[in-house]
Structure formats: structure tokens, C-alpha cells
Amino acid sequence: MIGHKEMQAVAAGRAKTYAVLSALYSVPPSEDLTAMIRAGALVEEGASSLGAAAKDLTAAFRDAVLEDRPNNELTAEHTRLFVLPSGVVPHESFYLDENKRVGGRVTVEVRRYYQDAAAQMTSACLELPDHMGVELEFMKFLCEIEEQFWKEPNPDGLQRCLDFQHGFLTEHLLRWHRLLCERVIAETTADVYRAVARLTVEFLEAERAFVPALTEGIRSEWRTTCES
Amino acid sequence: MDNIVEIQCEPPVRVENELCSRFRCTKSQCAACAAVCPVPRAVRFVEQGVEITGACIACDACASACPNGAIQPAESDRRLAERMRERVRPPAGFRIGCERAEGPADFVVPCLSRLTEAVLLEPIRCGAERVELLAPDCSGCQLERAAPQWGMVLNLARALCESAGFDADRIVRTDAPRRKREMTRIPLSAPGSRRAMFRAFAKWTAKTAAAAMPDAAPEQTAAEAFRAIVQRHPENPKRSHLLEVLQSLPGAEAQPTVVPAAGKPFAHLEVTPGCAGCNVCETLCPVGALRRRGENGTFALDFDPALCTGCRVCEVACFHKAVRVRETVDLSVLFERQSATLISATRRTCRACHETFLGDASEFCPSCLVSGDRRDAIARRFFLGGNRGDWS
Amino acid sequence: MKLLENSLTRRTFLKVSGTIAVLSQIQPVSAQEWLAQVGKSGSKPDMVGDGAKIVRSVCLMCHSGCGIQCTIVNGELVKIDGNPYHPNTYDYVSKGDIVEESDLDGGLGGKDVGTLCAKGQAGIYALYSPARLKHPLKRVGPRGSGKWKTISWDQALKEITEGGLLFKGVPGEEKRFVEGLKSILNNDAPLGPEDSDYMDEAPPEGWGPKRNQFVWAHGRNEQSPLTPRFVAGAAGVPNMLNHCDRCAGTFYNVVEHTLNVPPYEIGAYADYEYCTYLISVGSNITHADYPGQTRARYLQKFAKRTGPDAKLFKHVVVDPWLSPAAAKTLQSGKGEWIPLKPSTDAYFLVGMIRWMIESKAYKADFLALPNQQAAKKTGRRNWTDMTYLVRTKEPKLYLTGRDAGLGQADYVVLVGGKPTLFHEVDGPADLDAEVEIKGEKYKTVFRLLRERAQEKSLEECERECDIPAGTIAHLGKEFSSAKRPVIEMFRGPIQQSNGWYNGQALCILNMMVDNIDRKGGYIPGHKAYAGDVKGPGRKPSGVSVDRHKDKYQGKKPVSTRPWYPLAVRTVTSEFFSAAKMGYPYRIKAYLNYYNDPAYTQPFNAPVIEALLDLRAMPLTFSIDAYMGETSQLCDYVLPDTEYLERIGGFKTYPPVKTRVQALRQPVIGTLDPKTKNYRGIHPDVQTADDTLIQLALRCGLPGFGKDGGGPGVDLFNSWQFWNEFYKNGDFKGEPGLDPDSRLVKLGGKFENPGKQYEGDYTRFPGGRQVRGLLAYAANVAANKNSMTGKFYDGLPLYRFIIDCKEQPLDPALWKEYPFQLHTHKDAWHTQTRTMNNLWLASIKPQNYAEMNPADAQKLGVVTGDWVKVKSPSSKHIPFVEVSMGDGWYKMQVRVTSRIRPGVFSVSQSYGRWGAGGRAWAANGKPQYNDKRIGAGYSINPLYMADPVLGDRCLIDPVAGGTQSYGTPLRVEKV
Amino acid sequence: MSEYSPVIPREAVDRSFAKQGPKQYTLWVDIEHCIGCNACTMACKAENNTPIGVDYNRVIEIEEGDFRDPRKAPNVGVTFVPMPCMHCGRPACQAACPVGAITKRKQDGIVLINKDKCIGCRYCAWACPYGAPQFNAEAKIMEKCTLCVHRVEKGQLPACVNTCPAKVRFFGELNEITVLMREKRARSFSISVAGADTKPSVQYTIPR
């Protein structure tokens, strides 16, 4: 029997995964994050391709950052890939806007979505709203809210939150994450970013199936669980 | 009320656009359905292929005439064949009669033009020794215009018999006197037909009710784009039925039977070296008889003659006149089901548009070269001497 | 819970242990708050507006300042049209003196729509380009290694201002202390031997304060007056270098002097609408001149003119390349194309003067007028110095009344052979005369000019410029006898080592037919409407690094490198090589703004060397929207907004004869209603204006911040500055950047474009209407060439290409290098702003080396063949793909009759290796590139170095313009 | 008071818009004064959002003559010819299209490609003698100049006409234009191609 506690933990776990991925896309890996991943913070539960991807990432980090070598190479690689105009453009608008207008129509749509979902971008956000890092963090934001709703519990809030998650995944993230990750894999010279891209694909593919299933599950069974 | 019924009235037969040659290729001159339709204005050629109007009397002659099986009768061929099978008492002969024919018939259809080759062969498949068509003189019949259709089907069925190694005379026509009393079940003016009216009315009330329901989701009316539709090659139900019947004909041994292709729903294709690999024939073929195969840098076009209905869409569509329908066709291919490779050539990818093309002339496909340079060339030709006389 | 269970078991999870530092790009809220807020969107100020709206601004795809009208739909810029209210882009006449919104039907879908050229319309691509920089960058490897990291604005500005061991992570620079801007700019101690190895060349008052070790160089700067306020006003540094030496600085200098107009009333042009005989010398009217599209319209107008003079009209184009305008004249049969040999303009122009003087085909009655009252009497608005007496011994200055014994220090003319003070004459004075006073000979300017012109016969001219003497003569004849003749120029004759004199000769030709300021004549640029921002500031002092406007007064008789006392605008091309050797003093910080000298500089190899030199340039930073060729070589790159995301304004150019100040305003982005901080589409990109203001504040410079614009006027950001600017000066009493103001709605303040003339003269708004014109350049004659110690000449000279010591090139050179370099320009390109705009790059995918069929035949090449080419000094530049080493460059040929024989012409703007042009290294790995950006060839590495200095291109010793044409080249088939 | 239009008065455009019944909208291009600046090309690109490499309109630069000796009068000429779709009276593209995706509209004579129907076979590109249809490699369909039908239907001028700095492109109804040309005695022609009688509607005037 699955209880709210468990679902709360699942939501928290997903939020954390989103947070890690978001951080990896948004900024060069910080020392804390590097140390954390190297220490084996990413653990799979159940053998799967997702777990393998996580293992790869951990291994890549262990290889890339030796004690005597600072993060410089990763910083340079992150800058090269995601900051300088390279072949990898981490913005949704580059892939989904028919005119490849970075900052144009698609960006405006994403921003609208955030507004509708009552997510405010802070002044710390230095990226366009349709940057991979920001989109992942937005999912993290929703997962955290979901977590709170499991805790309360609040079925209506949960439903709304999941609707937003599902909507954002299908309308935005899942439509372009593969395109970006393929480019990263083709372009990067660092194993770390190849592993990040693979993990992103695996994780989001898992989400593609999970979120609708969860939504459906709650829709049909929530009432009974509440009463029991 | 009358008005509403009139507007809502829907024809009893349905056109499956994806299978219609006229729908897939505007250049198609196919008029098989219109040619046999006994009712004026019941079949209309429109931009979207063929439309069956409310004037249709559901005689289903068009369904029998359409080689691609694009017109689906109210009762499907298989269903008809099933009903027939119930009456077959092998090895006795089987008589199929027109409603107006006087005489003992095992099976009666409103009009013989409803029959298809497959349906005609059904009794033989079930073991009947002979099939007789009891046919009165069609002249003067209200459905007279449909009459040639059943004659053609009869001929086809006989030819198929031959190619199966049977005697063609296992299917024959027997003249029958006309019944004294006209018994045509089908009324000729459709809007007044009760069947149509009831159907329309039912639909109308359903719609009104739907509109009244508050929570009804808005109807998704966005039609699928043509270019998406033609990427699909649905099964031709008529042909698959026929092939099924032929496969299970007891004692059949395929014989080479070469017949002229003209006017028959069978054909064999040829592709000349002028082929540019544009794929239009494959895309537009209503029945999926053509299949492109691309591997290891080659382009190959496979052809399944058993599926080909001779609709000539490929022939009329090809800009390069590279596809030709052979003048004769060997019916035995229907039994053997061997696909032929029509062309196989080296495929290249154009540097500009990344499309594939055949030939090794340059890095750019001929089409890119044409559209890119032609503007230049034509303007140039006009302004540099020579053609100044052309200026009007 | 079955379904849930199912969905859980079907999926594996990633367990993340440990805590993650939150990036907080999205504001966290509690679930309850979230539930309360969700669905209630949009209270925050945002760039997203519903529906369609129009914003009018100013283009900056080139420098013409055309008005644009941007259509924004749901927060996305979808179309740029011409602003119908702007006189550059639309022909109309308004009702009152100042254009009002109601004068036109110019709204969304309105009938009045302005015209706009290809570049302007492609601005959409520039705004949304994926190649734009989005964060401040600092290099983490050696200069030019392409290793970067992103840093925050705070860190970037802090490091730049504070300095320190900024690159201690970079091998070889562990101990390199970099001085920050704060200490550089606040150091008022004089520059001494520790800063300069050339103290003996300093003027008596020294090189100036140590803060002069900061150098600013811009390419396009339409943020004036904010940028000069930062460099000169706040930092107090004279080193504000611009691109004018590569562009048309000489043109402006010579026009301002000769036509006696104040500076910054940019250049002078023909009045296309009314002239009947137009000679365009080296100006590509429709494709390159400013504003191309406005001129195209005028060209159309004069071609279609229906008045009584329509049939008289003739257009002569003097250009080695058959420009589109030349093609039009040939096509209509109403003109001629004179394919002059590059850099021989002097022989053509002074030759024409000679013919006109000898044939008495000049307006003698006008030239004889010595002063205002004499001019006014004859209904004229100006007069010339042709009758003024000039010394024949050096320095060849005007004879003053004091020297002539007439008491006053005034010009002296001869009336009936008698020396008279010029203002005392009431009618014409002696034109072609000379006199001896106190044993010294004085001649009138006219006589000097005649003697100068007669130094060469027309046949000698023919030999030099390779066009028949008869052509020069018949052009002289037609020009002098036409109803409204005018001869105009742009870069062709000016961007040469003899540029000043060519320009002077051309202005004199116009004087000789009395067409200055006249309807259909030669019209200098007028004053724009200008605002003003007051406030405290410093005064720059000392010698500028490029020695422009500075006279050599050193102890050594001649200087190590040339000085440019007469260059009103700067000589940036001289700067890089000088900085490399620390002349005149070493610099400490270099700020590159909207500038790309590593690509655009003729003979750019030394620029690249200088930028890579840590000793010569200890701190370099670039404000750039793209990773341009120069930015790649800097220490820091601070991302700039595109022109569609900034506030500012721009005037226009002379073909428009009424006053204009167009407002540049953001067409997209976010303006904080409280602080008025503006951001464009990229959140971590700020306008260069804001960057400069923040730098000034961090360095504690005056003129910005609290009360920076005077008491009560805070200048903390760009908006505050421009709001104040548009409230003062010509905008006094107007509401600044109020969204409902006329200024903001129309995108500028425009004078009624119908008010162009007063009688037979143009209005020349803001300028001195009545004035004397100066054929003789006494200020030039008063100065010496610092390299030779010899005086410059005050009159045009017959000269070909010269070096910094005014010596001609070694004639033997031409045997080895028989071709001449030449460039031209397409209408859809602007130096570095357009190839990275793929919309524009796709019009003509690549350029070619264009050669005449005669030359091609000799070399045995046909269109599409490859040739290799080198100049006497060209060097290998590793970034350039077609560089074969050893100074050879490989190019593909197009054989065309549009270019004269002996000339090797390559159009500008192609062959980029920055901004995505070529793969450039970052992390030792090639960066992404788009072949389409880097297609074609850049001619700049092939320019010839000055044979004396060897480390920079040839430069006009007088006015500082670069030699842009005519470099000797050797071309061989590959 | 406004727009300087030396060739075609605004009233003629208004009359063109107001005309009832079947008509043929078209362009009049004055080659004599075209300077080849490609503003029309770019206006078209921006207005129709065409991908890079697809241009509904291009300006062709034609060089003729030979010039080798600068001492002699140069015998060389350059002509700029803007080439949009000719909106033919009998479009070859329409005839070639196997799926009937190309239509010539009766109400204004504009030839349009139906993007839903087009299967990207490029037969129209093969058939059109003017190279007007362009292959959009991203969408895999053909596109071409629509005479800015979305603007024209609202009574606005096509983007290229609005933007032309030299004012050499004019929009109007074919008969109106023919009448005006006759009035101005302009030497006009349409680019017809021998062997392909497509009846192009775009009118050009050339130097006398």
C-alpha cells in the first residue's frame, strides 16, 4: 500500500533530481555539487537505464575532477557549451520556434506559462525563461509544491499542480529535450556533459510516463484513499 | 422541418477519400463511379475527390465499379459474401438473380451491378460447380446505366477463373425474363426515402441534444492536412477480399493469363530511367502498390502487382513521364504475390535541401539547381540580347 | 492505490542524497500561497503585452539613422518598417513647423509606411540571433586561447575597476598585477619616465596626467553624448578613439575647414533633388553612402524629374568600379562612368581645376568677392578667400594687415594692385594677382592655385590617372557650364594618403562654380536637434595616444612616430602599433566598444599582435553583443544589448535638409516602473550605457549617480540619462521619455521636411548661413610634418600614394606588385554587423575577388578559379582560413567588366572569423561556426604597411585617414 | 502631402482595390530605376517568415558588355531585375501539380500554394520557367510569393512595394496598370518565355 508519506518522498526526490539537473545546466558545477555527486549522491532505485545514466554521471565526475585539478576544465566546457554561442543552444526557442528566434515567440510562451503557474522568476535568474536550466528548475518548483500537497494532504491542489507539471512537460520540455541532448552529446568533449545529457533524456522519458499515470491514479483513487 | 432534413440528409454510401484516385491526384481522370451511377447528380467531382450527394439511392453500383474500394457500400462485400455462402449447397450450381429477373435464384440482389469479382467467385470457393447470373434485359430498367458494370465484373470473374486454371464457363450469364411486377426496392428520390430521412433525423436530434449539453467538449474540427493523409496507404478492402477469395479457391492452379490492361482493375508498371526518385508515385498510389526502399545509398521502388488496380495515378502524376502502365497484364500475379523491383539506382543527398535524388550529375539535386538558377537564367536571357524580340 | 502502485513500480527513481544549493531562479512559495496565486497572472511589468503594437525607434544596422517602425505582436518583434514620420524613410510635408502624429496615417496597417533597406529589415534576426552573448565573460586561458568562464556583472565590474592578480589561474600570469580602472582614472600625477620611453618628444607641459593611460576605442557610437560624458567628462581622458580614420574622418575634416562649418555637421553632399549636373567621385550613392535608401529615393526623384531642367540632367560617376549608380547612368544614357585608376583622384580633380582656370570656366565674379557685404550686394550668402594674399615663403600663411603695414591683424586683398584690408572692400578684389611687400612676395590664393594646377599638364594627368585628357577637359567644360553643377565625394577620394588634398580640390571645384549652400548645389550637413545633460565633470588634458589635434613640440627635431595636429577626429589606426611600442606613453587599460579593429583595420595583423601583448595592453575589455574578432582577444567581454534594446538617439545625414533628432528606444524588453532599470530580452545583458554608468560609479567619477546631472538629477541608469537629455537643449519644456509624448510616439522630433530652402539657398539650419569659404588651408600650411620637420602645403597637391614622410612609394614596387587593391560594398552589408545576420548573408552567399577580363586573360583565370594574392607587407594571420602563410591569401575569382583593368576588387564585410564566422578555438576545441557567416574573403590583411614605419597601414599625414585603395598587390594563379 | 510616388498615383491603387469581379492583381516593376538594393527581398523575408535560403523574391544582377580599355568609352551595363512570382494567367506550376495544391484565385488572380495539400514533390519548381516556387527544406513543402495576399486582402500594399526605397515597385490591378503605362508611354513588357505560354502578369518597364 502506498501512502502519502511515500508519495511525498517521491515528489521530494523528483524535485531534487530536477534541482541537480537544473544546476548542471545553469552554471558550471559548483564545488559543493561536484563533491556531492562524486560522493555518490545519485543513487538509483531499481536497476534501469536511468540508474545506469546516473552511475555514468557519477563516474564521469570522479574522472573529471581529481583532487589536484580544480573545476576549471568543466567551467570552460560549460561556458563553451551553454554560454558562448556554440552549436548547443540551451534555449527552447532555438528548437521549437519556426524562425529560431531566441527570445521570441516561444520564450514569451514559456514566460506566460510560468505566470499562469504563479511562478515568479527572481532577479537571480540571469537566463531567458526558456533556458533548459530554468525550465528544469520550474519543474523542481512544481514538484516541491506537489510535495507539500501530499503532506497536507490537498487533493485539489495536487491535481492542479500535476496538471501544470503534465502541461509543461508535454507542451515544452518533452518537445525539445532530446534535440538539445543530442546536440550536447555530439558537441561536448567532456564526459560529464555527455552523461548529464544522457541522464536528462532518461529522467525526462521516465517522467513522460510517470506524470500522466500519477495524475490518472489520483483522479480515480484519491477519494477512496482519503477516506481510508 | 423538411428543410432541416434536406440539409442533414447524408448519402448511404461513404467515400473513403484516402483510397480515391481523384482525391489523391487531381490529375486522375478516373470516373468509374460516375460512369455507372444510375442517378443524375448523385456523384459529383469536387476538389476533394468525389462526393456522393443526397440524391444517391444506395444501389452500390459505384462501390462495385471503384477499383480502389474507395466507396464503401452500406453492406460490405464480405458481409454480402457471407450471406451468399450460407445459401451455397456444393457442388450444386449457384444462381444469382436480379430482383427483376423471373426464375428460381439462390440469391437475389437488387441489381447485379452490386456484385464484385470476389463476390462472384465466392460460390466457387465454397465448392459450387457453376455460378449463373440470372439477368433480364436491362434496357428500360431504372438502373439501366449501371448495367455495363455487371457485364464487366462477369468478364473479369471469368478471366480470373481461367487464370486459376478453371473453365471460364463456370461463371455464366443466363437470360431470364423480366418479372411482370416491378419490385425495385430502392426508391428513386432520396430525400423522401424513409431510410434517409430517419437517419438524418436521428442525427439531427442527436446534434441538438449535444448542443444543449453544458459540459460538452468543443468539437475538434481541424481536418487533417492532405499532405499528412497521403502519407498513409490504407488497405483496399475490395482487393484484399478478392485476394483472400483467390487464395482459397479449391483446386486453383495459376495459369499465365495475359489480358489487355485497358479497362481492367489490374495493371503492371514499368519505370524508365527518367525517374528522378521524387517518390510522388509512391506517395500518391491510393492502394500502396508501390513501396520505396532506400538502403546503402540506393533508391529502389518496389511494386506489388497484386495490389495495383490500374488507376493510373502514378502514370498521370509523374512529371518526368517515367512511370508507364503496361498494355497487358498477367492475372496470375494475383495468385503468386511476387513483388517486382521497378528501379534501383544510386541515391544522393542534395547539399542544399538535404533531399535525396537519383543520378550523379552534381552535389545539388536537379530541382534545387532548377529553382535556384532559373530565375537568374530567365532574367539574364531576356536582358542579354537575343530574345529582345520577345518583349511585348 | 493500485494505479499509483503501478505507476510507481513501473518507474525507477533517482534518489538524491545530500542537500543541493538552490539556484533560486524561480521564487519559492508555500503551497498555500501558490494555490491562492495560481491563475492570477501578470501583475509584474513585463515585455509581454497582448496583441499588436507599434514602437518607433532608430535603426543601427548601418549608421544612417533611419527611423524604424517596429511591429510587436504578443511580445515578439515581427516586422520592421520605415518610420513614416522620419524624413529619411518617407517623403511628406507636414502641416506645421514640427511634425505631429496627425500629419500622417501611420498606425498599424496605416497607409503611410516608410521605406527601409534590406539591412534595416533584417534587424529582427539580429535581435533574436542565437549567437548573441548572454553573460559577462572572463578569460581563463591566455589571451586569444578562447577559454572563458562566465562571471557575474558584479565580479566583472569589480575586477575591472579594482584590478589585482586577476589572472593568477592562467599559466604565466600568476604574478601579473593588473591595475584597475579606479586607480588608473583617479591618478592625476603626471606621466613620467616610468610610463614613457619618449619623454624627450613630450610637449613642454608633458604628456598629461596618468589617467590618460586609459584608452577607449569605439566603432559605432550612437550613444553620444553619454559615451563622451564617460570618457572625457567623467574620466577626463582625451583618448576617445573612433573609427573615423578608417571611415570618412578626413572628409569631415576637410569639409568643415573648407566650407567653414562647425564640427559634427557631418560632411557635405550634393542636393540631388535640384542639381542638373552631378559628378560623384568615389561615392557609391545607393549602396554605401549614408543613408543609402534615402539617396536611392532622391536618385529616383531626379531621374524622374519632370520640371524644365529634367532633360538637362546628367550624372557622372568617377569610380574604378561600375557602381549601381554608375550602371543607372549608363543605362539611361544620361551620364558617364569614368573608371579612374585608384588613388589618382588628385590628378583628375586638380586637372579639372587646371582646365577650368585656363579656360576661364569659373565664376570669376563670385571668386573675386572678398567679404560679406560684397557677397550680399550680389545676392549671395557666401564668399571665398581666393583674393586673399598668402606668403610665398614658409610658413605660407595669409598676409595679415599688420605685416602689410595696415595696422590690423586681418586678411589682406589687392584692389587694383593696392593692398587693402579685406573687410574694407565694397566690391570685387583682384583675383589673379601678386604683390611684393617689404621684399617678400605675396600671391592671391587664386594665383597660387593656378600655379599649382599648372604644375602638371592634362597629358601628365592622363598618364597618371589613366583616363583621357579629353575626358577631364570635357567634364570640366560640362561641369562649369551646367545650370546647377555639383561634384560630390565620399570615401573614394578621401580615404587615401592624399585624402585631405583630394577633398580640398573637390571643394574648390564646387567653389569655382559658386554652388555652396545653393539649391541644387553642394550642401554641408546641418545641426540636429540636441538635448543636454548638465552636471559636474573633468576636463581632459595632455596628449592623446594617437596624437590627434596635438602639435609636435618635442626636443627631438623629428618624432619617432607621426603626429596629427590637423586630424580633428582620431587616428585609431595609428594607436595599436603605437601602443605596442609604448609610444608616446604606455597604456594600462583598453576598452573596446562596438568596435572590431582586429577585423576591420586595414593591415590588421599588427592590431592582433598588439591586442595579444600583455605588456602593451595590460587590461583589455570589450563591450560587444557578439564574440567578435576583437572581443575574442580581450580579457573580459561585457555583453551589450542590440540596438533594438537601448535608449539613445540619432540625427541624420545631409541629404535630408531639415532638422531631425530621432529617438532610439527599446522596442522590446522590460522597464522597471520604479527604478527605471531597463533590460532587453536577455536578463543578464545590460546596455553599454548602464555598464558605463556603473563603471563610473564604481570608480567614483563625477557626472553620474546621485545629483550626477546637476542638483536633483540622479543618473543611476541609462533611462535617467536620456530622460534628462530629452528635457533640455532643443527639447526644453518637453516631457522627456514620457510614453505619451510626441517624441516617444513618433520616435523622434522632426522638423517639417517641406522647409528646405530659402530662395535659391538651402536653409542650412543651425549653421552659419553667411560665411567665407576657405580654399586655402592656412592651418595646414602652419603645421609641420613631425616626421620630416617640413611644413605641409596649404593647397591641393598632385600626388599618388605617399608614406608618413610624404615620399611616394618606390616605383620599382609596382613592377613586382602590379595590381591595385580596391574595395566596394553591397547595399545589404555594413562592415561587421551583417554577415552574422544570416538573412542578409543569404542574399549573396559569398564575395569574390573581382578582376577585369583583360587581367584574367593575362593570368589565365576564369570565374571560379583560385588565385593567391599578397601585398609587399601582408602577413600570415592564423585565424583567417584562406591565409596560406608567408603573406599569401587565397581567393576565388570572378571575372567582370564592372572593374577597371589592373584593379583587384573585393567587396567588404565578408570573410569573418569572429561572431561565428570561422571555427575558433575554445578549450582547444573548435567553437561552433556557421560557414555562411564566414563565407568569402576579407581584404583587410592585404593592405600595405607604411614603408617607413612598417607596422601599420598607410595614413594621410595631414588628416589621418587610412589609405583604403590602391595598395600594390601581386596576384598569381593557384 | 505624403508619399512621393512618381509613377503610380494612390488613386489607381485604390481603384484597383475597389474593382469588383474577377481581376488580376499584379506588380509593376520599373527596372530603369531599380538599384538592386534587395530591400524587397528582405521585406518579403521578414513579412513571410521564410527560412534562410528561401526567398520569394530576388533581385537578379545582369552584367553585359565588355570593358578592357579604360581609355575608351566603357561598353558595359548592369541591370537589376527583381524577380517575384509572375502570377501567371496560365500558371505552369498549377498544371504540373499532381495534387491540385496550386490554385489561381478568380477574385484577384493571385496564384497560391495550399500548404496543407502540397506534398513537396517540387514539380512546380520544375515547371515554372521563372524559378518562383521555392522549396522549404524544413517543412518539406513548396512556397512562393503570395503577393502578400494577407496584406492585400486587408487593403494594404505588399511588403516589397511598401519598402522599396527607390519606389520602383507598384501594386495594382493589371488593367489599371496597363492603362497607366499607356498614358506614360512607358516601354513595358512581361517576361514571357518561348515555348511556355504562361501569360505572366507582372509588368516591367525598361529604359527607353
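Keep in mind that this is a model prediction, so the values were computed, not measured.

Looking at the interface of chain C and chain A
At step 1: Listed per partner, the contact involves 71 residues of chain C and 94 residues of chain A.
At step 2: For the chain C and chain A pair, buried surface summed over both sides reaches about 7,500 Å², with 62% attributable to carbon and sulfur atoms.
At step 3: Where chain C touches chain A, the interface holds 2 salt bridges.
At step 4: Along the contact surface separating chain C from chain A lie 15 residue pairs in polar contact (both at pLDDT 80 or more).
At step 5: When contributions to the side of chain C that touches chain A are tallied by element, the ones reaching two or more residues are α1 (2–9), β1 (13–16), α2 (31–37), β4 (76–82), β6 (148–150) and β43 (925–926) of chain C.

Things to note about the pairing of strand β14 (residues 335–338) of chain C
Along any regular strand, the residues point their side chains to alternate faces of the sheet.
Residue and element names in this part refer to chain C.
At step 1: Burial along β14 is two-sided: G335 and W337 facing one way and E336 and I338 facing the other are all buried.
At step 2: Sheet analysis places strand β13 (residues 314–318) next to β14, joined by 4 bridges and oriented parallel. Counterpart to H315 in the pairing with β14 is G335.
At step 3: On the question of chirality, the crossover connecting β13 to the parallel β14 by way of helix α10 (residues 324–332) is right-handed.

Examining the packing of helix α6 (residues 105–116) of chain A against helix α8 (residues 155–187) of chain A
All names here are of chain A.
At step 1: At their nearest, the axes of α6 and α8 sit 11 Å apart, and the two run at 175° to each other. In this view, α6 runs roughly antiparallel relative to α8, as classed from their interaxial angle. In this structure, α6 contributes E109, V110, Y113, Y114 and D116 to the contact, and α8 contributes D163, F164, G167, F168, E171 and H172.
At step 2: In terms of residue class, the contact of α6 with α8 is made up of 5 nonpolar, 2 polar and 4 charged.

Some thoughts on the sheet that holds strand β9 (residues 188–189) of chain D
Residue and element names in this part refer to chain D.
At step 1: The sheet built from 4 strands is open, its strands ordered β8-β1-β10-β9 with mixed pairing. What marks the edges here is a single partner per strand, and that holds for β8 (169–173) and β9.
At step 2: Note that β9 and strand β10 (residues 203–205) share 2 bridges and pair antiparallel. Paired with F189 across the strands is Y204, a residue of β10.
At step 3: Contacting β1 (25–30) and β8, helix α1 (residues 10–18) runs over the sheet at an angle of about 40° to β8.

Here we look at the nonpolar core
At step 1: Core analysis: the largest hydrophobic core is formed by 152 residues, its most contacted members being L77, F214 and F230 of chain C together with M83, F171 and Y204 of chain D.
At step 2: In terms of residues, this core owes the most to one element, helix α22 (residues 688–699) of chain C, which gives 6 residues.
At step 3: For Y204 of chain D, the residues in contact, after removing those within four places along its chain, are V29, I31, V81, P82, M83, P84, M86, M181, R187, S188, F189 and I191 of chain D.
At step 4: Of all hydrophobic cores here, the second largest spans 115 residues; its members include V316, Y522, V656 and A775 of chain C.

Some words on the sheet that holds strand β16 (residues 356–358) of chain B
Residues and elements named next belong to chain B.
At step 1: The 4 strands lie next to each other as β11-β12-β15-β16, forming an open sheet whose pairing is antiparallel. In this open sheet, the two edge strands, each paired with only one partner strand, are β11 (290–295) and β16. The mean inter-strand angle of the sheet, taken between neighbouring strand axes irrespective of direction, is 35°.

So, the packing of helix α5 (residues 153–162) of chain C against α22 of chain C
In helix packing, the relevant descriptors are the interaxial angle and the interaxial distance, both defined with respect to the helix axes.
Residues and elements named next belong to chain C.
At step 1: Running from N to C, α5 and α22 point in directions that differ by 55°, and their axes come no closer than 10 Å. Judged by the inter-axis angle, α5 sits oblique to α22. Our pair here, α5 against α22, has a crossing hand that is right-handed. Between α5 and α22, the contacting residues are W153, D154, L157, K158, I160 and T161 on the first element and T691, Q694, L695, R698 and C699 on the second.
At step 2: Of the residues that constitute the contact of α5 with α22, the class distribution is 5 nonpolar, 3 polar and 3 charged.

Examining the domain arrangement of chain B
Residues and elements named next belong to chain B.
At step 1: If you check the domain split of chain B, you get domain 1 (2–175) and domain 2 (254–366).
At step 2: Here the C-alpha centroids of domain 1 and domain 2 sit 30 Å apart.
At step 3: If you look at the interface, domain 1 gives 18 residues, while domain 2 gives 21 residues.
At step 4: Here domain 1 and domain 2 share an interface that buries about 1,500 Å² over both sides, 69% of which is from carbon and sulfur atoms.
At step 5: The largest per-residue losses of area from domain 1 upon contact with domain 2 belong to R24, L156 and S163, which jointly make up 34% of the total buried on that side.
At step 6: Scanning the region where domain 1 abuts domain 2 turns up 0 salt bridges.
At step 7: The set of elements that each furnish at least two residues to the side of domain 1 that touches domain 2 consists of α2 (21–24) and α7 (147–163).
At step 8: Among the elements that take part in the side of domain 1 that touches domain 2, α7 stands out by supplying 6 residues, more than any other.
At step 9: Here the residues of the side of domain 1 that touches domain 2 are counted per class, giving 8 nonpolar, 5 polar and 5 charged.

The rules behind these values
- Residues numbered from 1 in each chain as written.
- Chains lettered and ligands numbered in written order.
- Predicted model: local features only at pLDDT ≥ 70, side-chain atom pairs only at ≥ 80, totals over all residues.
- Heavy atoms only, no water.
- Contact = heavy atoms within 4.5 Å.
- Buried area = accessible area lost by both parts, 1.4 Å probe.
- Salt bridge = Lys/Arg side-chain N within 4 Å of Asp/Glu carboxyl O.
- Polar contact = N/O pair within 3.5 Å; in protein donor to acceptor, adjacent residues only side chain to side chain.
- Helix = DSSP H or I, 4+ residues; strand = E, 2+ residues; numbered from the N terminus.
- Buried < 20%, exposed > 50% of the residue type's maximum accessible area, 1.4 Å probe, protein only.
- Pairing = 2+ DSSP bridges.
- Right-handed = clockwise from strand over helix to strand, strands pointing away.
- Axes fitted to C-alpha atoms, helices over the stretch in contact; angles between N-to-C directions.
- Parallel < 35°, antiparallel > 145°, perpendicular 65-115°, else oblique.
- Nonpolar A, V, L, I, M, F, W, Y, C, P; charged D, E, K, R; others polar.
- Core = buried A, V, L, I, M, F, W, Y, C linked by side-chain atoms within 4.5 Å.
- Left-handed = near helix turned anticlockwise from the far one by under 90°.
- Domains from an automatic or database assignment.

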